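# Commentary on secondary and tertiary structure
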Protein chains: 2
Amino acid sequence: MTDRVVALLGDGLVGPDAPLLRIDDLGVLRGDGVFETVLVVDGVAVEFEAHLARLARSAAMLELPAPDPASWRVCAQTVVDAWDGGREMTLRLVLTRGPESGGPPTGYAMGAPLSPTLLAQRRQGVAVVTLTRGTVPDLAAQAPWLLLGAKTLSYATNMAALRHAERLGAQDVVFTASDGTVLEGPTSTVVVARGGTLCTPPEELGILPGTTQAALFRGAEAAGWPTRVQRLTVPDLLAADGVWLCSSVRLVTPVHTLDGRSLPDTGLTPRLLDLLPLPAVIGR
Amino acid sequence: MTDRVVALLGDGLVGPDAPLLRIDDLGVLRGDGVFETVLVVDGVAVEFEAHLARLARSAAMLELPAPDPASWRVCAQTVVDAWDGGREMTLRLVLTRGPESGGPPTGYAMGAPLSPTLLAQRRQGVAVVTLTRGTVPDLAAQAPWLLLGAKTLSYATNMAALRHAERLGAQDVVFTASDGTVLEGPTSTVVVARGGTLCTPPEELGILPGTTQAALFRGAEAAGWPTRVQRLTVPDLLAADGVWLCSSVRLVTPVHTLDGRSLPDTGLTPRLLDLLPLPAVIGR
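This section reports on the structure supplied with the text. Within each chain, residue numbers correspond to sequence positions counted from 1 in written order. Going through the entries in the order they are written, you letter the chains from A and number the ligands from 1. Whole-chain, interface and lining totals are the exception, using all residues; otherwise, since this is a predicted model, local features are given only for residues with pLDDT of at least 70 and side-chain atom pairs are given and counted only at 80 or more. Computation of side-chain values covers all heavy atoms of the structure but excludes hydrogens and water.

## Details of the pattern of salt bridges
- A pair is scored as a salt bridge if a Lys or Arg side-chain nitrogen falls within 4 Å of a carboxyl oxygen belonging to Asp or Glu. Applying the stated criterion to the full structure yields 36 salt bridges over all chains.
- Here R167 of chain A and E63 of chain B are joined by a salt bridge, their closest N and O atoms 2.6 Å apart. Placement of R167 of chain A in helix α5 (residues 156-167) and of E63 of chain B in the loop between α2 (48-61) and α3 (69-82) is noted, with the two residues assigned to different chains.
- Here the term buried applies to any residue with accessible area under 20% of the maximum for its type, exposed to any over 50%, and partly exposed to those in between, with areas from a 1.4 Å probe on protein chains only. Judged by its relative accessible area of 39%, E63 of chain B falls in the partly exposed class.
- What emerges from the salt-bridge pattern is a single network uniting R4, D17 and R92 of chain A together with R22, D24 and E100 of chain B. Runs of E in the DSSP output that reach at least two residues are strands. Runs of H or I that reach at least four are helices, and both are numbered from the N terminus.

## A word on the interface of chain B and chain A
- Here a residue-residue contact requires only that any non-hydrogen atoms of the pair lie within 4.5 Å. Listed per partner, the contact involves 56 residues of chain B and 56 residues of chain A.
- A combined buried area of about 4800 Å² lies between chain B and chain A, and 60% of that area is made up of carbon and sulfur atoms.
- Linking chain B with chain A are twelve salt bridges.
- Any pair of N or O atoms that falls within 3.5 Å is considered a polar contact. Within protein, one atom must be able to donate a hydrogen and the other to accept it, and sequence-neighbouring residues count only if both atoms are side-chain atoms. Taken together, chain B and chain A are joined by 31 residue pairs in polar contact (both at pLDDT 80 or more).
- Broken down by secondary-structure element, the contributors of at least two residues to the side of chain B that touches chain A are β1 (5-8), β3 (19-22), α1 (26-29), β6 (88-96), β7 (106-112), β8 (126-132) and α5 (156-167) of chain B.
- Grouping the amino acids of the side of chain B that touches chain A by side-chain chemistry returns 30 nonpolar, 13 polar and 13 charged. A 1.4 Å probe defines the accessible area here, and the buried area is the portion of it lost by two parts on being joined, summed over both. In this classification, Asp, Glu, Lys and Arg are treated as charged, Ala, Val, Leu, Ile, Met, Phe, Trp, Tyr, Cys and Pro as nonpolar, and every other residue, Gly included, as polar.

## So, the pairing of strand β14 (residues 251-258) of chain A
All names here are of chain A.
- Of all eight residues that make up β14, seven are buried, and the element is covered over most of its length.
- When DSSP finds at least two bridges between two strands, those strands are taken to pair. Linking strand β13 (residues 242-247) back to β14 in an antiparallel pair, the connection comprises three residues.
- Judged from the two bridges that link them, β14 and strand β15 (residues 261-262) form a sheet pairing that is antiparallel. Each bridged residue has a counterpart across the sheet, and for L258 the counterpart in β15 is R261.

## Describing the nonpolar core
- The definition of a nonpolar core used throughout is a set of buried Ala, Val, Leu, Ile, Met, Phe, Trp, Tyr and Cys residues joined through side-chain atoms within 4.5 Å. Within the largest apolar cluster, 116 residues are counted, with the highest numbers of intra-cluster contacts made by L91 of chain A together with L91 of chain B.
- Leave out the neighbours within four places in its chain, and L91 of chain A touches E36, T37, V38, V40, F48, A76, V79, V80, A109, M110 and G111 of chain A.
- By size, the runner-up hydrophobic cluster in this structure holds 25 residues, among which are V41, F217, V249 and I282 of chain A.

## Here we look at the packing of aromatic side chains
All names here are of chain A.
- Two rings from Phe, Tyr or Trp (for Trp, the six-membered ring) form a pair when their centres sit within 6.5 Å of each other. Planes less than 30 degrees apart are called stacked, planes more than 60 degrees apart edge-to-face, and all others tilted. This structure, assessed with the given rule, holds two aromatic pairs over all chains.
- The interplanar angle of 85 degrees and the centroid separation of 5.1 Å between the aromatic rings of F35 and Y155 together place this pair among those described as edge-to-face. Linking F35 in strand β4 (residues 33-41) with Y155 in the loop between β8 (126-132) and α5, this pair joins segments that are 120 residues apart in sequence.
- You can call Y155 buried: its relative accessible area is 7%.

This is the structure in structure tokens:
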């Protein structure tokens, strides 16, 4: 079984354990780059074009050269074709500003097995704590240098928030703005069901537009299930008919506990999974 | 002349242009690590122990294994000894969480020539714009997951702020909190002279404790020049007898223009340089 598959952009497969990055790559020196995480099922990269579009959007926010879609498709497909590690694979696309001493951006795709923890959480759900991101809401448009809503490699605080949640006995986090407005998870989008409507917070709060949330809402609308983009508070989450963390790999993972309070399981998770563009068996 | 010198922690000199980092190093995938930038003059790493202490402090905030001071001294000295590129060198210490697929943290020291831009700015000063960091003040203690005051590799927003400043015709930035409180520069500490006293904002605002600012204040106190740690606003900067951005490499770079308004040059910069623990010729 393949443990990990790596292809360099514009090149091809490389040994996954070999050192491949220069020590002065701005991806490591400054967290200066962007990425995407894509779920691959049975050789199909789910919502790949949406991920590629978001990679380009993030790159533009960081003033990186626009990623060439054709090259990225080839690079990703190279990894997908070389994978023999099971039906599902996590595919990461990474684009950095390249070496500080000069040279083109660094790009690569990396395939790896799904985290067993995330796989278990898909079924069992997660306990979540709300943590402040410390920012006032509605900054994204007026303060572009904060890169709010860009998927950058500068994820140290997202990782620290997850460690903090673990210390509190939880598995994940929902960030809030300084006024309590619900934002997003460190690596997920928040979706709630309220009175038969699926709701998610608006992008203008400075959050990443979710590819999985978007696919879910498309599926919901096609199935006649109303959706709404609206601001939410923590009390809204506690009062909802269901709260989910959505992302490519965790799909729609139910939140069973929020800040120590149990949330109801109204049996909606399988129905939401059915709305995603996936083989029916995945996620169950 | 040596362009760049690299030594791996616990190992030794390596070719600076060879690929040395694994592609799944969490330093690049998540900006998950810490660093220091040290000025080396005539083979002496200025304030090295203070930088090492701050590296350890940042590592603790990220829950990285505590850096071994002896190993880092050896690693840094290896780079310093191999340098033949001039009197001054920028020495970077980088510590990442290591490969995602497992293994020890990644550590290395890298020596490089000083940026000609920063060298020129030492003498000519800089035009600065104030930009909001978007955060409410006084979060550092209550929200440790925000890593405020840690020198992490997740510097994408700091770099974006500098690009934004350039677009506005400036060369550097002073970040402010959402209430206008002066915080710090993207890679510097703010120091002002007011009525014969040197002032700098307090760490509890969630800013990096400056090694250069600390050395400056030690020198000032020894010379009988009063210092104070206090909150500052942008009007305070505009009314000051002098504003400087302090960091290891830029030393005490004067701010000659703030948000488009000229600041007075009261001739204090050479006096401040004299307070730093440096050969007298450096920085002039």
